[in-house]
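Secondary and tertiary structure notes
Single-letter residue listing:
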Amino acid sequence: MKTFYIETFGCQMNVHDSEKVIGTLLAQGYSQVETPEDAELVLYNTCSIRDKAEQKVFHRLDQFKRHHEGKVIGVLGCVAQQEGEHIFERAPHVSLVAGSASYTKLPEMLVQLEAGNRRVTGLSLDTDATFDTPYTRRDNPHRAYITIIEGCDKSCAYCVVPFTRGPERSRTSESVLDEARGLAAQGYTEIQLLGQNVNSYRDPSERGWDFARLLRAVGEIDGIRRVRFTTSHPRDFVKDIIDAIDENPALCNHVHLPVQSGSSAVLERMQRLYTRGEYMRRIEWIKNAKRNIALTTDIIVGFPGETEAEFQETLDLLDEVGYDSLFSFKYSRRPNTAALALADQVSEEEKGRRLTVLQERQRAIQIRRNAELVGAIEDTMVEGYNHATGQWIGRTSQNRTLNFTHAVVPTPNGQTLVGGYLPVRVTRAGPNSLAGEVVL
Ligand code: 5AD
Ligand code: SF4
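Read on for a plain summary of the structure. (Residues numbered from 1 in each chain as written. Chains lettered and ligands numbered in written order. Predicted model: local features only at pLDDT ≥ 70, side-chain atom pairs only at ≥ 80, totals over all residues. Heavy atoms only, no water.)

So, the site of ligand 1
- Neighbouring ligand 1 are I49, R50, Y158, Q260, D298, I300, F329, K330, Y331, S332 and R334.
- Here a nitrogen atom of ligand 1 and a backbone polar atom of Y158 are 3.0 Å apart.
- One nitrogen or oxygen atom from the side chain of D298 is found 2.6 Å from an oxygen atom belonging to ligand 1.
- When ligand 1 sits alone it has 400 Å² of accessible area, and the protein chains cover 86% of it. (Near = heavy atom within 4 Å. Polar contact = N/O pair within 3.5 Å; in protein donor to acceptor, adjacent residues only side chain to side chain. Areas by Shrake-Rupley, 256 points an atom, 1.4 Å probe, with all protein chains shown as cover.)

A few points about the sheet that holds strand β5 (residues 94-98)
- One open sheet accounts for six strands, arranged β2-β1-β3-β4-β5-β6; its pairing is parallel. Either end of the sheet is taken by a strand with one partner, and the two such strands are β2 (30-32) and β6 (120-122). Here the average twist between neighbouring strands, direction ignored, is 25 degrees.
- Bridge count between strand β3 (residues 41-46) and strand β4 (residues 72-76): five bridges; the pairing is parallel. Residue pairing across strands places Y44 opposite V75, the latter belonging to β4.
- Here helix α1 (residues 12-27) sits on the sheet and contacts β1 (2-8), β2, β3 and β4; the angle it forms with β1, its principal contact strand, is near 175 degrees. (Pairing = 2+ DSSP bridges. Helix = DSSP H or I, 4+ residues; strand = E, 2+ residues; numbered from the N terminus. Axes fitted to C-alpha atoms, helices over the stretch in contact; angles between N-to-C directions. Contact = heavy atoms within 4.5 Å.)

Focus on the sheet that holds strand β13 (residues 294-301)
- Pairing in this open sheet of three strands is parallel, and the strands run β12-β13-β14 from one edge to the other. Looking along the sheet, the strands with just one partner apiece sit at the ends: β12 (254-256) and β14 (325-330). Taken over all neighbouring pairs, the strand axes of this sheet differ in orientation by 10 degrees on average, direction set aside.
- Both β12 and β13 contribute to a ladder of three bridges, which runs parallel. Within β13, the residue paired with V255 across the bridge is L295.
- Where helix α13 (residues 348-371) meets the sheet, it contacts β13 and β14, and its direction lies at approximately 175 degrees from that of β14.

Interpretation note: all reported values are geometric properties and have no functional meaning in isolation.
Put into structure tokens, the structure is as follows:
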């Protein structure tokens, strides 16, 4: 029996790619083990979005320098694509380097490795294929990821993704719907549609569906109670997406719309293709919807040349929008990107200060936003049980964590509420989660 171990870094696209890689390996007769020590094939599916993420994999590879005898080590994903064959120089004990655009060739690459080849690569970005496999081994029995579009055709000045995941390739709506129907038949109730830029989805078949049309169709599948999607680019975000959410409660009332900065001047230097005003127009659509749609975003602080006044514009945007949650990052210089050429780097210390200020401002907003929900009854998907607090862990359609009490507790014979949906009354609110009690 051939054994493998895989560790995944980075975004949901990477997590889902790993599910497909694992399924492919199992179909090739491999079995998965829990530690790298027990494995003959050790894989790292890597992320290079910021320098820190990239360093993690080199740290892992260094740990292996002395104890790799008899093992085959592979680097997959974004660092593999970005660094290519340099990885063999930096870590000579690595035998496989493959980016996500080459995963359809994984079975062939495995044959080469098994034949003893110690320099196997899959680095071509020149593909119009997406990685569709019947073997996907999903981690969660209730919520499933489906990739609808791979790659990215934008050229944000800070971003490495177009270089690591290649140009945009959309799957046909028929293949997406087939996969979604199959998942519903297996008992999945939540589907998350994935893409670096989901809303630039364009059905390559004769139907020519856009993203909103596909979203509607997935929301109509019997048995699917929740549909989420990530990530949306503001430039391609059309009002029809909001109309679709308003029309069908199965489409979750949550939109993640990364803004990156509240300053039009910074947005222009970032090559984001929208102004603050254009972004705010989309926010108006969302706020004017019939449903109460939660809004979340991504922010980068300290992009080259960001002045104190421009940073203040971002703080002001947080107040104006009132985000329900956000992810914030210090700008990190990435290989190949346009922003490398920009002068006027903001110091690490100043980036750290801005990040702290931003996160404090957002914390106050979240305390207020969450408090508004006290008294509401939320349809809640049960995700787990916390033995320390005696509460069930739930998630609302708005993607908030809602922990709640219930007379039922898990038993050793497997009694559980996990995977079900329950109405829960919100009784308390904190900055990052809600607490409540089931409504019987
Ligand atoms: N530095 C810091 N943050 C970045 N992101 C993307 N590239 C960089 C970079 N070079 C952030 C963006 C994006 C999120 C996934 O990561 O905010 O939306
Ligand atoms: Fe990281 Fe971006 Fe690659 Fe996802 S697509 S793994 S976030 S670099």
